[in-house]
Amino acid sequence: MKTEILKISDLSADSDKIRYAAEIIKRGGLVAFPTETVYGLGADATDELASKKIYSAKGRPSDNPLIIHVSNPEDAEKYAYTDKLYCKLAKAFMPGPLTVIMPRRDTIPLSVTGGLETVAVRCPSHPVANALIRESGTAIAAPSANISGSPSPTRAEHVIRDMDSRIDAIIDGGSCDIGVESTIVKLDGDRVTLLRPGGVTLEQLSGIFGSVEVAPAVTGELAPGERPLSPGMKYRHYAPCCPLVLLEGSEDCVLRFMRHAQNAEKCAVICYDEEADLLRNERLIPFGSKDDPAAQAENLFDALRRADATDADIIYAHLPATKGIGLALYNRMIRAAAHTVKKV
Ligand code: TXA
Ligand code: MG
């Protein structure tokens, strides 16, 4: 299959490209598109056959459900049984990087929800994503547009690398601002459980709801055979092919370890911008200032992909702190590292 690349730099000047991509969605095809979090791989969420194509293009296990995307928070009602808690969340955080899991309506086939009676709904704030959904006139099911298990794509070139010739089109709308996937919460009566940390922070959610439960899989390792609340949490994820080791310790100790390692072994080092001059490794990947976890999140997946593209045998990076967006960084990095943490 030939994959068309549709470059959009100005939404109003390029509206014909959005209409063209929406036609592909309407006739059951696959279109990758930018969102404020990561690129998504979209298909009509109400079309069972179309959404099945997503699973084969990604190589995704069929029990791992998809998030459906709407252009207006009120449209969730067409696909899920919404309630007061949803309205409160929608008012505070939508459009934006938040996904809410609610009971499913029959408009969404079970093949989209991995057989679950719940459905995950998100209203992205990215203007290209929003325009595509609106023009398609349906909800768009979209996982991250990477091959299953590899780091999520935050730039069109990442999507091209993973999806070229597997899907109908890729909308190139530049790089994604947030860089890690949306926050996922599950609603159950008046209980709110955080299943995946993301752009909307635990602190922001707690500010509105008081108490928010955090699913154990967010920071911990699943016990063998344990079933996570979110099926995706049981799969190896975000992982470069080369092993990643996270370093825990004071900044000085981590830097000392990185310096020693780069002389002793063929390693790539993902470091803070401030450390770049002190390290000078040929496989050095600065990914943001040390006090700017938002910049680190924005660059994380690109850094993992770049580290993987070197000839390194091993990748080292700092173990992030878990405050604010840091919790999302921690969650992605600890899973990319398969929970390998080295105290230094
Ligand atoms: O930011 C995002 O959320 C991106 C963009 C494209 O919107 N999408 C995304 O989709 O990250 P994906 O498929 O890579 O991750 C969706 C996660 C999976 O871990 C899946 O198991 C979980 O959401 N999920 C989806 N529906 C669920 C449900 N009904 N119950 C529990 N977990 C669910
Ligand atoms: Mg994903």
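For the structure itself, consult the block above.
Computed from a predicted structure; not experimentally measured. (Residues numbered from 1 in each chain as written. Chains lettered and ligands numbered in written order. Predicted model: local features only at pLDDT ≥ 70, side-chain atom pairs only at ≥ 80, totals over all residues. Heavy atoms only, no water.)

Trainee: Before we go on, may I ask you to explain the sheet that holds strand 15 (residues 314-318) in this structure?
Mentor: Adjacent strands of a sheet pair through backbone hydrogen bonds, lying either parallel or antiparallel. Reading across from one edge, 14-13-15-12-16 is the order of the five strands in this open sheet, with parallel pairing throughout. Both outer strands of the open sheet, strand 14 (284-286) and strand 16 (341-343), are each paired with one neighbouring strand and no more. When strand polarity is set aside, the average angle formed by the axes of neighbouring strands in this sheet is 25 degrees. Sheet analysis places strand 13 (residues 267-271) next to strand 14, joined by three bridges and oriented parallel. From the neighbouring strand, C271 faces strand 14, where its bridge partner is P286. Here helix 9 (residues 293-309) sits on the sheet in contact with strand 12 (244-248), strand 13, strand 14 and strand 15, set at roughly 160 degrees to strand 13. Helix 10 (residues 326-336) rests against strand 12, strand 15 and strand 16 of the sheet, and its axis sits at about 130 degrees to strand 12. (Pairing = 2+ DSSP bridges. Helix = DSSP H or I, 4+ residues; strand = E, 2+ residues; numbered from the N terminus. Axes fitted to C-alpha atoms, helices over the stretch in contact; angles between N-to-C directions. Contact = heavy atoms within 4.5 Å.)

Trainee: Can you help me understand the sheet that holds strand 8 (residues 169-172) in this one?
Mentor: Ordered in space as 1-8-2-3-7-4-6-5-9-10-11, the eleven strands form an open sheet in which the pairing is mixed. Where the open sheet ends on each side, the last strands, each with one partner, are strand 1 (4-7) and strand 11 (213-214). In the sheet, strand 5 (residues 98-103) pairs with strand 9 (residues 183-188) via four bridges, with the strands oriented parallel. By the bridge assignment, I101 is partnered in strand 9 with K186.

Trainee: Explanation requested: the packing of helix 3 (residues 84-93) against helix 6 (residues 202-209) in the structure shown.
Mentor: Relative placement of two packed helices is described by the angle separating their axes and the distance separating the axes. At a minimum axis distance of 11 Å, the contact between helix 3 and helix 6 shows a crossing angle of 130 degrees. Considered as vectors, helix 3 and helix 6 are oriented oblique to each other. Between helix 3 and helix 6 the crossing geometry is right-handed. Taken together, the residues of helix 6 that come into contact with helix 3 (itself represented by L85, K88, L89, A92 and F93) are Q204, L205, I208 and F209. Looking at the contact of helix 3 with helix 6 residue by residue, the classes come out as seven nonpolar, one polar and one charged. (Parallel < 35°, antiparallel > 145°, perpendicular 65-115°, else oblique. Left-handed = near helix turned anticlockwise from the far one by under 90°. Nonpolar A, V, L, I, M, F, W, Y, C, P; charged D, E, K, R; others polar.)

Trainee: Would you mind showing me how to read the environment of P153 here?
Mentor: Position of P153 relative to the elements: it lies in the loop between strand 7 (140-141) and helix 5 (156-163). Between the C-alpha atom of P153 and that of G324, which follows or precedes it by 171 residues, the distance is 22 Å. The residues contacting P153, other than those within four sequence positions of it, are V38, Y39, S144, A145, N146, H158, V159, C176 and R305.

Trainee: Can you walk me through the pattern of salt bridges in this structure?
Mentor: Close approach of charged atoms allows side chains with opposite charge to pair. Summed over the entire model, instances satisfying the criterion amount to 17 salt bridges. Between D106 and R104 there is a salt bridge whose closest N-O contact spans 4.0 Å. On the accessibility criterion, R104 (11% relative accessible area) is buried. (Salt bridge = Lys/Arg side-chain N within 4 Å of Asp/Glu carboxyl O. Buried < 20%, exposed > 50% of the residue type's maximum accessible area, 1.4 Å probe, protein only.)

Trainee: Help me understand the pairing of strand 15, please; the structure alone is not making it clear to me.
Mentor: Two faces belong to every sheet, and in a regular strand the side chains alternate between them. Counting buried positions along strand 15 gives five out of five residues, so the element sits mostly inside the fold. Burial of strand 15 is two-sided: the residues I314, Y316 and H318 facing one way and the residues I315 and A317 facing the other way are all buried. As paired elements, strand 12 and strand 15 share four bridges and run parallel to each other. Residue pairing for strand 15: L247 is matched across the bridge by H318. Bridging between strand 13 and strand 15 involves four bridges; their strand directions are parallel. Within strand 15, the position partnered with A268 by the bridge is I315.

Trainee: Explanation requested: the packing of aromatic side chains in the structure shown.
Mentor: We describe a pair of aromatic rings using the distance from one ring centre to the other and the angle between the two ring planes. Tallying each qualifying case throughout the model produces two aromatic pairs. Taken together, a centroid distance of 5.1 Å and an interplanar angle of 80 degrees make the contact between F257 and Y316 edge-to-face. Taken together, the residues F257 in helix 7 (residues 251-264) and Y316 in strand 15 connect sequence positions 59 residues apart. The exposure classification of F257 matches that of Y316, with both residues buried. Seen from their ring centres, Y272 and F287 are 6.4 Å apart, and the 10 degrees between their planes marks the pair as stacked. Here Y272, found in the loop between strand 13 and helix 8 (276-279), pairs with F287, found in the loop between strand 14 and helix 9; they are 15 residues apart in sequence, far enough to count as distant. Here F287 falls in the buried class, since its relative accessible area comes to 3%. (Phe/Tyr/Trp six-rings, centres within 6.5 Å; stacked < 30°, edge-to-face > 60°.)

The values are spatial; any link to function lies outside them.
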